[in-house]
Amino acid sequence: MKQSHFFDAVRGAAALVVLVAHVCQVFIATYTGVEHHAMRTLAVAAEYAVYAFFLLSGFLITKSLRLNVERNGG
């Protein structure tokens, strides 16, 4: 169970990275431009955060389903 809490925390951090990237796109990129190196770096970080979020979500959902089947016998 402790492992699931860690994965949930990582998934939450990934969601926050995406949120920060979107906020920066709306409020900061209008002044710096989307081609600014900081904005491009943030966009790449957000892209990988989305991958991590969905990968961990799939793992945690599969784990939950497997444990429910084992607990209920089918």
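Everything in this summary refers to the structure shown in the same document. (Residues numbered from 1 in each chain as written. Predicted model: local features only at pLDDT ≥ 70, side-chain atom pairs only at ≥ 80, totals over all residues. Heavy atoms only, no water.)

Details of helix α1 (residues 2–27)
Then comes step 1: For α1, built from 26 residues, the straight-helix expectation of 38 Å at 1.5 Å per residue is met to within 8% by its first-to-last C-alpha distance of 37 Å.
Then comes step 2: Regarding α1, the residues found buried are Ser-4, Phe-7, Ala-14, Val-18, Ala-21 and Cys-24.
Then comes step 3: On its buried face, α1 sits against α2 (29–32) and α3 (37–72). (Helix = DSSP H or I, 4+ residues; strand = E, 2+ residues; numbered from the N terminus. Expected span 1.5 Å × (residues − 1). Buried < 20%, exposed > 50% of the residue type's maximum accessible area, 1.4 Å probe, protein only. Contact = heavy atoms within 4.5 Å.)

Describing the packing of aromatic side chains
Then comes step 1: This model, assessed by the stated rule, comprises four aromatic pairs.
Then comes step 2: Aromatic side chains Phe-7 and Phe-59 sit 5.3 Å apart centroid to centroid with 85° between the ring planes, which places their arrangement in the edge-to-face category. Here the residue Phe-7 occupies a position in helix α1, and Phe-59 occupies one in helix α3, the gap between them amounting to 52 residues.
Then comes step 3: Ring centres of Phe-53 and Phe-54 lie 5.5 Å apart, and the angle between their planes is 85°; on these two criteria the pair is classed as edge-to-face.
Then comes step 4: Judged by its relative accessible area of 58%, Phe-54 is exposed.
Then comes step 5: Site record: aromatic cluster; members linked through ring pairs are Phe-6, Phe-7 and Phe-59. (Phe/Tyr/Trp six-rings, centres within 6.5 Å; stacked < 30°, edge-to-face > 60°.)

So yeah, pure geometry; function would need other evidence.
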